[in-house]
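Close look at the chain arrangement
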Amino acid sequence: MRASKMLISTLKEAPNEAKIDSHVLLLRAGMIKNLVAGVYNYLPFGLRVLNKIEKIIREEMDDSGAIEILCSALQPKELWEESGRWSKYGPELMRFSDRHEREFCLGPTHEEVFTSMARDLIKSSKTLPINMYQIQTKYRDEVRPRFGLMRGREFIMKDAYSFDKDEAGLEVSYQNMYETYTKIFTRLGLHFQAVLADTGNIGGNGSHQFMALSDIGESEIVYCDACGYAADVEKATIRLGDADNAAIKEMELVNTPQAKTIEEISNFLGVDPKCTIKTIIYHDYQNERLVAAVVRGDREVNEIKLVNAIDGNENYLELATDKEIYDLGSIHGFCGPKDLKCDIFIDEEVTLMKNAVIGANQKDYHYVNANFGRDFTGTVCDLKKATAGDLCPCCGMPMKQNRGIEVGQIFKLQTKYSEAMKCVYVDEQGKNVPMVMGCYGIGVTRTLQSIVEQYHDEFGIKWPLNVAPYHAVIVPINYNDEAQQALAHELYAKLKSEGIEVVLDDRNAKPGFKFKDWELIGLPFMVVCGKLASEGIVEFKDRHTMEKVELSMNDAVAKIVEAVKNIK
Ligand code: ATP
Ligand code: MG
């Protein structure tokens, strides 16, 4: 490709919207262009990367035995009513009606569609197991679309759905996908970790997320170096410490003016936050009630665990307002579990505490020496967010913490959708049995940006060779110089004949300008034809190491050919 004929649209400065390096670089390198909040157009270089990522995903999915299909993004309401999700999905679902007032949504995911396909198409149990996948555009009206492709309202996902006869079959399909995802993310060059993930109201240890490790990741992971346990903090459990065996003291009401936060109350009373108890009141819109979540003072409430405990829905859970708290007979900043007139959920760790500080549900008052069982009670469950230093639930060693970008998730759905939607097969006894399902997603566009997040420097992107938009670029210092132009063309022809994806920068621009462009765009190799062109000598630059060497033209070609040959 000749640079003069390409739509190179690099920018000096990134638009204000971009807050993280990978977003800035994708915009500045002219890989993507924003259309409206959370929606992007893919420009030529970005599209080439996207196609390569999709190719790797396809190769591995096909190799796993999965079958590719392509479904419509448009989905009728009736299917979502069958699964019960039309009313449950919340405002993220992009809904609309056609001219006949028939309701539809733009698919945020395709469980309903694939389940209906399996129901209609699979006539015999001999077809099972089967795993069908697609690479397709999804729509989610995210509350806060941000960070470019990381959280879009329109994005590309690879989604797959497996159908098995029984649990044992699902286990095999799930393991197969776990291994396939490991191969895909390894080939994409990502530094990643597979972690246990929350399964919402389905329960069980039936899900893993694949996390691209990154400080800007929205997900927090705890992991144990000793035994390999790793989990999203939404899911992570911990081994509890021993119960405090101090003697129980008499509870006392104490005046604590202005001490509203755990920090303020700990300072005021001179106690460790670990000896205080935090009570947070939520409005559970799913079950239309107020609930209190009670955790140790230094802990955070894990809202996903709370949703599971209260049988709620994360889209329908909000912090209670000051007025709601007041109407309950309490007051914001002084809430406590004693005599609180709502459903109370207590983290198991709180039951091990003795003589703790709790809010007294009156302005400027707390109780000291409060004890679970004697002074307050509630439903005991796991509500806390795990953190670094907590003990591993498997081996008891202290855990570490990391941040990650969720690039994929695999999930044992079991019969949630097949039962609701009557997706059954006939077994040997002639009985209708619901198929046992799994679902498996990869955020393709989020993965693209995650690669940039892991592969960049102050000059721009450093694409791994196997997903780079092109392998190499040839830059004549002065395109009008005869020797340089001749050598550049010879090189270009040679590289192309060897199957190398190469750009010839034939633009009439200053060399510094061209170098900056290619460093930003991030092609792995640059071959510069300069002063020594008449002797057949070029300067060879490696974008990853930024090393430059002088080589003969043939050696430069050989080096690139060798590297490309080794792409996995
Ligand atoms: P998140 O927790 O980040 O909102 P999710 O768990 O809702 O994601 P899934 O339903 O598991 O997402 O979708 C499969 C994959 O699609 C995710 O692992 C992620 O990589 C990607 N994905 C989900 N939402 C978005 C989005 N808004 N923009 C880009 N990619 C997304
Ligand atoms: Mg997910």
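Refer to the structure presented above.
Before going into details, it helps to say that this report is about the structure given with it. (Residues numbered from 1 in each chain as written. Chains lettered and ligands numbered in written order. Predicted model: local features only at pLDDT ≥ 70, side-chain atom pairs only at ≥ 80, totals over all residues. Heavy atoms only, no water.)

1. Quick word on empty space enclosed by the protein
The line we're drawing: The definitions used throughout rest on a 1 Å grid laid over the protein atoms alone, on which a cavity is an enclosed set of points accommodating a 1.4 Å probe that cannot get out and a pocket is an open set flanked by protein within 12 Å on both sides along at least five of seven lines; lining residues are those having an atom within 4 Å of a point. Grid points are joined across faces, edges and corners, and a volume is the space filled by probe spheres set on the points. To qualify as a helix, a DSSP run of H or I must reach at least 4 residues; to qualify as a strand, a run of E must reach at least 2; elements of each kind are numbered from the N terminus. Each residue receives one of three labels: charged for Asp, Glu, Lys and Arg, nonpolar for Ala, Val, Leu, Ile, Met, Phe, Trp, Tyr, Cys and Pro, and polar for the others, Gly being one of them.
Applying the stated rule across the entire model yields 1 cavity of 30 Å³ or more. Taken as a whole, the largest cavity holds about 80 Å³ of empty space. What lines the largest cavity is simply Val473, Trp518, Glu519, Leu523, Pro524, Met526, Lys541, Asp542, Arg543 and Met546. At the level of secondary structure, the elements contributing two or more residues to the lining of the largest cavity comprise helix H12 (511-521) and strand S30 (537-542). Of the residues contributing to the lining of the largest cavity, the split by class is 6 nonpolar, no polar and 4 charged.

2. Some details on the sheet that holds strand S13 (residues 252-255)
Defined as follows: Any two strands between which DSSP finds at least two bridges are classified as paired. To obtain each axis, a line is fitted to C-alpha atoms, and for helices this fit is confined to the stretch in contact; angles are then taken between N-to-C directions over 0 to 180 degrees.
In space, the 3 strands of this open sheet follow the order S13-S19-S18, with antiparallel pairing throughout. Whereas interior strands pair on both sides, the edge strands pair on one side only; in this sheet they are S13 and strand S18 (356-359). If you compare each strand with its neighbour and ignore which way they point, the axes differ by 35 degrees on average. Here S18 pairs with strand S19 (residues 365-370) via 3 bridges, running antiparallel. When the bridges of S19 are listed, Ile358 appears paired with Tyr367.

3. Considerations on the site of ligand 1
How we decide: Any residue with a heavy atom lying within 4 Å of a molecule or strand is counted as near it. N or O atoms within 3.5 Å of each other form a polar contact, as long as, within protein, one can give a hydrogen and the other can take it, and as long as residues adjacent in sequence are counted only when both atoms are side-chain atoms. Surface accessibility follows the Shrake-Rupley procedure with a 1.4 Å probe radius. Residue values consider only the protein chains on display as shielding.
Lining the immediate environment of ligand 1, one finds 14 residues, of which Arg140, Glu142, Arg151, Gly152 and Glu406 sit closest. Within the backbone of Gly152, one N or O atom sits 2.9 Å away from a nitrogen atom of ligand 1. Relative to its free-state accessible area of 590 Å², ligand 1 is covered by the protein chains to the extent of 80%. The dominant element in the shell around ligand 1, judged by the number of residues it contributes, is strand S21 (residues 400-414), at 4 residues.

4. Examining the pattern of salt bridges
The condition that has to hold: Basic side-chain nitrogens of Lys or Arg form a salt bridge, by our definition, when they fall within 4 Å of a carboxyl oxygen of Asp or Glu. Residue burial is assigned from relative accessible area. The probe radius is 1.4 Å, only protein chains are included, and a residue is buried under 20% of its type maximum, exposed over 50%, and partly exposed in between.
Within the structure shown, the criterion is met by 42 salt bridges. When the shortest N-O distance is used, the salt bridge between Glu54 and Arg58 registers 3.9 Å. Taken together, the positions of Glu54 and Arg58, both in helix H2 (residues 44-63) and 4 residues apart, correspond to about one turn of that helix. Salt-bridge contacts for Lys338 lead to Asp339; the nearest nitrogen and oxygen are separated by 3.4 Å. Given a relative accessible area of 19%, Lys338 falls into the buried group. Residues joined in a network through salt bridges with shared partners are Arg296, Asp298, Arg299, Glu349 and Asp390.

5. Focus on the environment of Met177
Its place among the elements puts Met177 in helix H5 (residues 167-187). Along the backbone, Met177 and Gly441 are 264 residues apart, and their C-alpha atoms lie at a distance of 10.0 Å.

6. Notes on the sheet that holds strand S4 (residues 74-76)
Overall, antiparallel pairing links the 3 strands, which are arranged S4-S6-S5 in an open sheet. Of all the strands in the sheet, just S4 and strand S5 (94-97) have a single pairing partner and so form its edges. Across the sheet, the mean angle separating the axes of adjacent strands is 35 degrees when strand polarity is ignored. Here S5 pairs with strand S6 (residues 103-106) via 4 bridges, running antiparallel. Paired with Arg95 across the two strands is Cys105, which belongs to S6.

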